[in-house]
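Take a look at the letters that make up each chain.
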Amino acid sequence: MASIEKPKFHILEVSGNNYLSWCLDMEMHLQGQDLANAITEDDTSNAKDKANALIFIRHHLHESLQTQYLSVRDPQTLWKRLKDRYDHTKTVILPQAQYDWQNLRLQDFKSVSDYNPALFDIVSRLELCGIKLTDAKLLEKTFSTFHASNIVLQQQYRQRQFATYSDLIYVLLTAEQTNELLLKNHGLRPAGSKALPEAHANSKKIIGHFKGYKRRQEYNPQRDSRKFNRPRKSNFGPNHDKEKKSKKVTNESICHRCGMLGHWSCTCRTPTHFVDLYQASLKNTGKRGEFHAIEINPAAITTVEANNIFVSGTPLAPEVANASLDVSDFFEDL
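What this report covers is the structure whose coordinates are included nearby.

The rules behind these values
As a convention, each chain's residues are numbered from 1 in the sequence order in which they are written. Thresholds applied to this predicted model are a pLDDT of at least 70 for local features of residues and 80 or more for the giving and counting of side-chain atom pairs; totals over whole chains, interfaces and linings are not thresholded and use all residues. Side-chain measures here rest on the full set of heavy atoms in the structure, leaving out hydrogens and waters. Runs of E in the DSSP output that reach at least two residues are strands. Runs of H or I that reach at least four are helices, and both are numbered from the N terminus. A 1.4 Å probe rolled over the protein chains alone gives each residue an accessible area, and that area as a share of the maximum for its type sets the label: buried under 20%, exposed over 50%, partly exposed in between. Pairs of residues are marked as contacts when any of their non-hydrogen atoms sit within 4.5 Å. Every accessible area reported is derived by Shrake-Rupley at a probe size of 1.4 Å, with residue values counting cover from the shown protein chains alone. Aromatic rings from Phe, Tyr and Trp, with only the six-membered ring used for Trp, were paired whenever their centres fell within 6.5 Å, and each pair was classed as stacked if the ring planes differed by under 30 degrees, edge-to-face if by over 60, and tilted otherwise. Distance and angle both matter: a charge sits over a ring if NZ of Lys or CZ of Arg is within 6 Å of the ring centre and within 35 degrees of the ring normal. Space inside and on the surface of the protein is sampled on a 1 Å grid over the protein atoms alone, with a cavity defined as a set of points where a 1.4 Å probe fits but cannot get out and a pocket as an open set with protein on both sides within 12 Å along at least 5 of 7 lines; lining residues have an atom within 4 Å of a point. Grid points are joined across faces, edges and corners, and a volume is the space filled by probe spheres set on the points. To obtain an axis, a line is fitted to C-alpha atoms, over the contacting stretch when the element is a helix, and the angle between two such axes runs from 0 to 180 degrees between their N-to-C directions. Throughout this description, any angle smaller than 35 degrees is read as roughly parallel, any larger than 145 degrees as roughly antiparallel, any in the 65 to 115 degree range as roughly perpendicular, and the remainder as oblique. Here the term charged refers only to Asp, Glu, Lys and Arg, the term nonpolar to Ala, Val, Leu, Ile, Met, Phe, Trp, Tyr, Cys and Pro, and the term polar to all other amino acids, Gly among them. Take the residue count of a helix, subtract one, and multiply by 1.5 Å to get its expected span. Think of it as the arc spanned by the lines of direction from the helix axis to the C-beta atoms. What is meant by a nonpolar core is a set of buried Ala, Val, Leu, Ile, Met, Phe, Trp, Tyr and Cys residues, joined one to another through side-chain atoms within 4.5 Å. Left-handed describes a crossing in which the near helix is turned anticlockwise from the far one by less than a right angle; the clockwise case is right-handed. Think of a polar contact as two N or O atoms within 3.5 Å of one another; within protein, one of them needs to be a possible hydrogen donor and the other a possible acceptor, and neighboring residues in sequence only count if both atoms come from side chains. Each salt bridge in this description consists of a side-chain nitrogen of Lys or Arg and a carboxyl oxygen of Asp or Glu lying within 4 Å of one another.

When helices and strands are counted, the protein shows 11 helices and four strands. Counting across all 334 residues of the protein, residues that qualify as buried make up 24%. Pairs at least 24 residues apart make up 50% of the contacts formed inside the protein by residues separated by at least 6 positions. Here the protein displays about 26000 Å² of accessible surface, and carbon together with sulfur accounts for 53% of that area.

Rendered as structure tokens:
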């Protein structure tokens, strides 16, 4: 029995909640293996079939159940004891299934695809308990539970006189899918507007190479046959991501009016008396001037007289010498 090492279906739980489905699966598999006579009361099977049936049944029991029925060696006896123990589950399942059937309504579901499996689940439980529902009952349950806003639609479906429930559910599912597609198409754009053209509809295909891509060396017949085109150097070096240092732009022009750097004579703002001093110094460039070091207390002097200033040993002009200079005149407003 190497073929039953792995369970063919769900094993029987200790609680017995799945007994009805387990019982049905067990009967089908035993019948498929010609072992169904081993669990019947006629006892027409041989010892080999009984042993195989007992192994198959025990293999699909919970470990606790296998221990409880360890002393049972006859498959028909084991089958009868399990039936006596769990067959009462029909009385537990039946009331709940009947309650679910009475309260089943199509209007309580968002779609027909959700309603259909719920209905068949209830029908299967009722059939396990011995109650079979006809197509007429299924059709009447569906028609009578339509939403109040779909009264006209419900009457139209009744007039079509469906013979089976499957025909009705096919029409409902098709209509539902069609309505969903209609709503999606309606929501794509406002009514009366045209569809926007695709972004790539009129675009031209641009063929090129990525910047920095090293092309393979190709032969150039215009050059020497022994030479090849060199591949382009990639612009992406190891320091590509580093920020370029900004170059300092310096203005090295000299002002011809005052002799200072950083501006031109047309924009010069140097005071006039300093300009005269600079221009006078240019005239005596060839002469060697005398320099004297004088120690002066800055706090004691607030005014400087221009007649005490000599440039290269030559006194200043009278109009410049008579000018009274203040300390603030030596500083330029920036």
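Once the structure has been displayed, the description carries forward.
One pass over the structure, following the stated rule, counts nine aromatic pairs. On the numbers, 6.2 Å between centres and 50° between planes, the contact of Phe146 with Tyr157 is tilted. Of the two residues, Phe146 is situated in the loop between helix H7 (135–144) and helix H8 (151–159) and Tyr157 in helix H8; the sequence distance between them amounts to 11 residues. The same class applies to Phe146 and to Tyr157, which are both buried. Aromatic rings pair up to connect Tyr19, Trp22, Trp79 and Tyr86 into one cluster. Sitting over the ring of Trp101, Lys141 keeps its end group 5.0 Å from the ring centre.

A few words now on the layout of surface pockets. The calculated volume of the second largest pocket comes to roughly 400 Å³. The wall of the second largest pocket is formed by 15 residues, among which Leu106, Val112, Phe146, Asn150 and Glu176 lie closest to the centre. Every element with two or more residues in the lining of the second largest pocket is listed here: H8 and helix H9 (165–186). Ranked by residues supplied to the lining of the second largest pocket, first place goes to H9 with four residues.

Here we come to the packing of H7 against H8. For any two helices packed against each other, the geometry is given by the interaxial angle and the distance between the axes. Look at H7 against H8: their axes get within 10 Å of each other, and the N-to-C directions meet at 160°. It follows from the interaxial angle that H7 and H8 lie roughly antiparallel. Where H7 approaches H8, its residues Glu140, Phe143 and Ser144 are matched on the opposing element by Gln154, Tyr157 and Arg158. Along the lines of polarity and charge, the residues of the contact of H7 with H8 split into two nonpolar, two polar and two charged.

Here helix H1 (residues 19–32) is 14 residues long and its end C-alpha atoms lie 20 Å apart, about the 20 Å a rise of 1.5 Å per residue gives. Listed as buried for H1 are Tyr19, Leu20, Trp22, Cys23, Met26 and Leu30. End-on view of H1: buried residues confined to an arc of 160°, all on one side of the axis. Residues of H1 that are exposed and angled more than 90 degrees away from the buried face: Gln31 and Gly32. Where H1 is buried, its residues meet helix H2 (47–59), helix H4 (75–86), helix H5 (89–102) and helix H6 (112–128). Immediately downstream of H1, the backbone of Asp34 shows phi near 60°, a positive value.

Moving on, we get to the nonpolar core. Counting 23 residues, the largest nonpolar core has Leu12, Trp22, Met26, Leu30, Ile57, Leu78 and Leu82 as its most contacted members. Where this core is concerned, the elements lending two or more residues are H1, H2 and H4. With six residues, H1 is the largest single contributor of residues to this core. Not counting chain neighbours up to four residues away, the residues in contact with Leu12 comprise Asn18, Tyr19, Trp22, His60, Leu61, His62, Leu65, Leu82 and Tyr86.

It is the contact of H1 with H2, at a shortest axis distance of 11 Å, that shows an interaxial angle of 150°. With respect to H2, the element H1 is oriented roughly antiparallel. Taken as a pair, H1 and H2 cross one another with a handedness that is right-handed. For the pair formed by H1 and H2, the contact residues are Trp22, Met26, His29 and Leu30 on the first element and Ala53, Phe56 and Ile57 on the second.

Here H2 is 13 residues long and its end C-alpha atoms lie 18 Å apart, about the 18 Å a rise of 1.5 Å per residue gives. Taken together, the buried positions of H2 are occupied by Asn52, Ala53, Leu54, Phe56, Ile57 and Arg58. Here the buried face of H2 lies against H1, helix H3 (63–68) and H4. A distance of 3.4 Å separates the backbone nitrogen of Lys48 from a side-chain oxygen at the start of H2, and that oxygen is part of Asn46.

The next point concerns the environment of Ala118. Within the element layout of this structure, Ala118 appears in helix H6. Assessed through its relative accessible area of 23%, Ala118 is described here as partly exposed. Sequence spacing of Ala118 and Leu104 is 14 residues, and the spatial spacing of their C-alpha atoms is 8.5 Å.

Turning our eyes to something else, we now look at the pattern of salt bridges. Per the counting criterion, the structure on display carries five salt bridges. Across the salt bridge formed by Arg105 and Asp108, the nearest N and O atoms sit 2.7 Å from each other. Residue class for Asp108 comes out partly exposed when judged on its relative accessible area of 44%. Taking the shortest distance from any N to any O, the salt bridge between Arg125 and Asp121 comes out at 3.5 Å. Of this pair, Arg125 and Asp121 both sit in helix H6, four residues apart, roughly one helical turn. We classify Asp121 as partly exposed; its relative accessible area is 41%.

From the geometry alone we can't say anything about function, so treat these as descriptive.
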